[in-house]
Amino acid sequence: ETYSVWDRNFQLAFWSILIYTPIMIHDNPRQPFAGWTPMAAVCAAVGGTGGVLVALSIKYADSIMKTIATTGAIVFTTILNAAFLDGPFTLPIVAGAVVVMVSVCNYNDRGDPES
């Protein structure tokens, strides 16, 4: 029997709620969500959305496209890290980013002559 991506995600969410709700209540019985800010809720939602996107990419994308998407995400994260968190942005990182961008362009090029 095969399940859809949404069935699998519902199963994971159900068991996660079943396991972690008692832990939350045990840690702080009066206010289980104490310490949660709106930003923490947004981060949790983004993490959940990322999980769904990973499941969809595993189901529908081929292995080359998954690899290119992963390396593109790493490059994007590195650029954001350098821009907003003062992370390193050295020549090897720039060279790697260029290689990834060229490979993405080459993979998406159909070889059609320009008109």
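See the structure printed just above.
Residues numbered from 1 in each chain as written. Predicted model: local features only at pLDDT ≥ 70, side-chain atom pairs only at ≥ 80, totals over all residues. Heavy atoms only, no water.

Enquirer: Help me get a handle on the overall build of the chain, residues and values and all.
Expert: When helices and strands are counted, the chain shows 4 helices and 0 strands. Counting from the amino terminus, helix and strand elements in the chain follow one another as α-α-α-α. For the chain, the spread of C-alpha atoms along the principal axes amounts to about 65 × 45 × 25 Å. The 115 residues of the chain split such that 6% are buried. Intrachain contacts of the chain at a sequence separation of at least 6 include 53% that bridge at least 24 residues. Accessible surface, the chain: about 9600 Å² in total, of which carbon and sulfur atoms supply 69%. Looking at charge distribution, the chain has the averaged site of its 5 positive side-chain charges lying 12 Å from that of its 8 negative ones. (Helix = DSSP H or I, 4+ residues; strand = E, 2+ residues; numbered from the N terminus. Buried < 20%, exposed > 50% of the residue type's maximum accessible area, 1.4 Å probe, protein only. Contact = heavy atoms within 4.5 Å. Areas by Shrake-Rupley, 256 points an atom, 1.4 Å probe, with all protein chains shown as cover. Lys, Arg positive; Asp, Glu negative; His and termini not counted. Charge placed at Lys NZ, Arg CZ, Asp CG, Glu CD.)

Enquirer: Lay out the packing of aromatic side chains in plain terms, naming residues and giving numbers.
Expert: Throughout the structure, instances matching the rule amount to 2 aromatic pairs. Measuring from centroid to centroid gives 6.1 Å for Phe-33 and Trp-36, while their planes differ by 75°, and the two rings are edge-to-face. The exposed category is assigned to Phe-33, whose relative accessible area is 54%. (Phe/Tyr/Trp six-rings, centres within 6.5 Å; stacked < 30°, edge-to-face > 60°.)

Enquirer: Which residues make up the layout of surface pockets, and what values do they have?
Expert: Taken as a whole, the largest pocket holds about 270 Å³ of empty space. Taken together, Gly-50, Leu-53, Val-54, Ser-57, Ala-61, Met-65, Lys-66, Ala-69, Thr-70 and Ala-73 form the lining of the largest pocket. If you list the elements that add at least two residues to the lining of the largest pocket, you get α2 (38-60) and α3 (63-84). Looking at which element gives the most residues to the lining of the largest pocket, the answer is α3, with 5 residues. (1 Å grid on protein atoms, 1.4 Å probe; cavity = no way out; pocket = protein on both sides within 12 Å on 5 of 7 lines; lining within 4 Å. Points joined across faces, edges and corners; volume = space filled by probe spheres on them.)

Enquirer: Lay out the packing of helix α1 (residues 5-27) against α2 with the relevant residues and their values.
Expert: For the pair α1 and α2, interaxial distance at closest approach is 10 Å and the crossing angle is 145°. Regarding α1 and α2, the two cross each other, and that crossing is right-handed. Contacts from Val-5, Trp-6 and Asn-9 of α1 reach α2 at Val-52, Ala-55, Leu-56 and Lys-59. Class assignment for the residues of the contact of α1 with α2 results in 5 nonpolar, 1 polar and 1 charged. (Axes fitted to C-alpha atoms, helices over the stretch in contact; angles between N-to-C directions. Left-handed = near helix turned anticlockwise from the far one by under 90°. Nonpolar A, V, L, I, M, F, W, Y, C, P; charged D, E, K, R; others polar.)

Enquirer: Lay out a nonpolar patch on the surface in plain terms, naming residues and giving numbers.
Expert: Residues Phe-10, Phe-14, Trp-15, Leu-18, Ile-19, Tyr-20 and Ile-23 make up a contiguous nonpolar surface patch of roughly 780 Å² in combined accessible area. Relative to the helices and strands, Tyr-20 resides in helix α1. On the basis of relative accessible area, Tyr-20 is assigned to the exposed category, the value being 51%. (Patch = residues over 30% accessible without salt bridge, like charges linked within 9 Å, V, L, I, M, F, W, Y side chains within 5 Å. Salt bridge = Lys/Arg side-chain N within 4 Å of Asp/Glu carboxyl O.)

Enquirer: Explain α3 to me, and be specific about the residues and the numbers.
Expert: Its 22 residues give α3 an end-to-end C-alpha distance of 31 Å, which sits within 8% of 32 Å, the value for a rise of 1.5 Å per residue. Positive phi shows up at Asp-86, right after α3, with a value of about 55°. (Expected span 1.5 Å × (residues − 1).)

Enquirer: Please give an account of unusual backbone geometry that cites residues and values.
Expert: Phi at Asp-86 is positive, roughly 55°, even though this residue is not glycine. Structurally, Asp-86 is set in the loop between α3 and α4 (91-108).

Enquirer: Residue-level account of α1, with values.
Expert: Here α1 spans 32 Å end to end across 23 residues, near enough to the 33 Å set by a 1.5 Å rise per residue. A maximum bend of about 30° is found in α1 at Tyr-20, where proline Pro-22 lies one to four positions downstream. The backbone nitrogen of Asp-7 has a side-chain oxygen 3.2 Å away, supplied by the residue at the start of α1, namely Ser-4. (Bend = angle between axes of the 7 residues up to and from the residue. Polar contact = N/O pair within 3.5 Å; in protein donor to acceptor, adjacent residues only side chain to side chain.)

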